[in-house]
Amino acid sequence: MYLVQTVSAGFYGCYRALSRHQAEQTPMDASSRTLVICRAIRRAILEQALAPGDKLPEDTLGERFGVSRTIARHALGQLASEGLVELRRNRIAIVATPSFEEARDEFNIRRELERLVVHALCGNLNPDQVEALKAHVREEEKARGGPEANSIRLATEFHVMLADMTGKPTLTRFVREIAYRSSLSLATFGRPHSSECAVSEHRAIIDALVSDDADAAARLMAHHLDEVASRAFLKTPAARVSLMDVLGPYAEAERVAAPGRKARRADEQTDRSSPGG
């Protein structure tokens, strides 16, 4: 264990020095690194690796992601604007802890937002989108019996996929933000995730959308979210590990994914700059 930590510390020490140098070069670099931290923390919250009330020290984030405390602070500010982080005095940040009333209100709002989603999608899904949704549900099914974090993440991503397919950026952003907030509510009050219920209910929603039955789709979505909300009651929190250990896999995942994202951005810029693009 000590060897792993030592190697990890050495790797991230080198990565931190390079990252800080690069981050100081252009505003775009700093912005990109802020997004990296936000993505990683969102996913850690979604998978309940980070729990409500967990502290998020700027210096620890800076060390784990190889950035300055200023960039870490900007990321925390962004997450606070999304309701995922609470900023307190003396620059102390913690994962937000929703009250029971807030959790109930969020599910009520989410129900209305996702009603708009299914009404926008009914009869408008193309074959590729339908197949993408079905493939996602197959991934949910494969995740049964595995780590609960995977099932929770896949279940939430299904709803974000639906919103994204509407082609309505504002609606997608609202659904994404409240879906992540809902994961905090479930981490605070919920009992274990039911992947079996999620898979069957998601399949039924897809069938209703394909059948162009908006009323049935809205009814099924409302029932599905009500079932998720009904699985809420106080539970004893699990023992916590250090923030560095929690965020390690997420920082590494962002580092590995960075070249692919950069290549995609380069391709998009080439397409836009080519004649007729």
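Q: I tried to follow the layout of surface pockets on my own but got confused; where do I start?
A: If a probe as big as a water molecule is rolled over the atoms, it shows which places are left empty. Empty space within the second largest pocket amounts to approximately 430 Å³. Lining the second largest pocket are 16 residues, and of these Arg39, Arg43, Tyr180, Glu254 and Arg261 sit closest to its centre. Elements represented by at least two residues in the lining of the second largest pocket include exactly helix 2 (27-46), helix 7 (148-165), helix 8 (169-189) and helix 11 (243-273).

Q: What should I look at first to understand unusual backbone geometry in this one?
A: Where the residue is not glycine, phi is negative for most of them; where a peptide bond is considered, it is trans in most cases. In this structure, Gln48 is a non-glycine residue whose phi angle is positive, near 60°. Topologically, Gln48 is positioned in the loop between helix 2 and helix 3 (58-65). Located in the positive-phi region is Asp212, a residue other than glycine, with phi close to 60°. Along the polypeptide, Asp212 turns up in the loop between helix 9 (195-210) and helix 10 (214-230). We classify Asp212 as partly exposed; its relative accessible area is 48%.

Q: How should I be thinking about the pairing of strand 2 (residues 92-95) in this particular structure?
A: Within a regular strand, the side chains alternate between the two sheet faces. Two elements, strand 1 (residues 85-88) and strand 2, share 4 bridges in a ladder whose sense is antiparallel. Opposite Glu86, over in strand 2, you have Ile94 as the bridge partner. Hairpin remark: strand 1 followed by strand 2, antiparallel, with 3 residues in the connecting loop; positive phi at Asn90, about 60°.

Q: How should I be thinking about the side chain of Thr60 in this particular structure?
A: For Thr60, the position within the fold is in helix 3. The residues touching Thr60, leaving out its near neighbours within four places in the chain, are Leu243 and Met244.

Q: What is the right way to look at the pattern of salt bridges in this model?
A: Charged atoms that come close allow side chains of opposite charge to pair. Summed over all chains, the structure comprises 17 salt bridges. Glu106 serves as the salt-bridge partner of Arg181, at 2.4 Å between the closest nitrogen and oxygen. Taken as a pair, Arg181 in helix 8 and Glu106 in helix 5 (residues 100-121) lie far apart in primary sequence, 75 residues in all. Each member of the pair, Arg181 together with Glu106, is buried. Sharing partners across several salt bridges, the network here consists of Arg43, Glu47, Arg153 and Glu157.

Q: How do you make sense of the environment of Ile92 when you look at a structure like this?
A: Positionally, Ile92 belongs in strand 2. Judged by relative accessible area, Ile92 falls into the partly exposed class, the value being 38%. Separated by 35 residues in sequence, Ile92 and Pro57 place their C-alpha atoms 6.7 Å apart. Those residues in contact with Ile92, other than ones at most four positions away along the chain, are Glu86 and Leu87.

Q: Even after reading the chapter, I still don't get the side chain of His136, so can you show me in this structure?
A: Within the secondary structure layout, His136 lies in helix 6 (residues 127-142). The class for His136 is buried, based on a relative accessible area of 10%. Once residues lying within four places of it in the same chain are set aside, the contact partners of His136 are Leu154, Glu157, Phe158 and Met161.

Q: Is there a simple way to explain the confidence of the model for the chain in this structure?
A: A low pLDDT means the predicted coordinates there should not be read in detail. Per-residue pLDDT for the chain has a mean of 81; in total, 80% of the residues score no lower than 70. Model confidence for the chain, summarised as mean pLDDT per element, is weakest for helix 1 (residues 2-23) at 39 and strongest for helix 6 at 95. Contacts for the low-pLDDT stretch residues 1-28, under 50 throughout, to residues beyond four places or in other chains number 30 contacts. Across residues 233-237 the pLDDT falls below 50, and counting only partners more than four positions away or on other chains, this stretch makes 9 contacts in the model.

Q: Looking at this model, I keep getting lost on the packing of helix 7 against helix 8. Mind explaining?
A: Packed helix pairs are characterised by how far apart their axes lie and by the angle those axes make with each other. Closest axis-to-axis distance for the helix 7/helix 8 pair is 8 Å, and the angle between their directions is 170°. Comparing their axes, helix 8 and helix 7 come out roughly antiparallel. Residue-level contacts link Thr156, His159, Val160, Ala163 and Asp164 of helix 7 to Thr172, Val175, Arg176 and Ala179 of helix 8. Here the residues of the contact of helix 7 with helix 8 sort into 4 nonpolar, 3 polar and 2 charged.

Conventions and cut-offs
- Residues numbered from 1 in each chain as written.
- Predicted model: local features only at pLDDT ≥ 70, side-chain atom pairs only at ≥ 80, totals over all residues.
- Heavy atoms only, no water.
- 1 Å grid on protein atoms, 1.4 Å probe; cavity = no way out; pocket = protein on both sides within 12 Å on 5 of 7 lines; lining within 4 Å.
- Points joined across faces, edges and corners; volume = space filled by probe spheres on them.
- Helix = DSSP H or I, 4+ residues; strand = E, 2+ residues; numbered from the N terminus.
- Buried < 20%, exposed > 50% of the residue type's maximum accessible area, 1.4 Å probe, protein only.
- Pairing = 2+ DSSP bridges.
- Contact = heavy atoms within 4.5 Å.
- Salt bridge = Lys/Arg side-chain N within 4 Å of Asp/Glu carboxyl O.
- pLDDT = per-residue confidence, 0-100.
- Axes fitted to C-alpha atoms, helices over the stretch in contact; angles between N-to-C directions.
- Parallel < 35°, antiparallel > 145°, perpendicular 65-115°, else oblique.
- Nonpolar A, V, L, I, M, F, W, Y, C, P; charged D, E, K, R; others polar.

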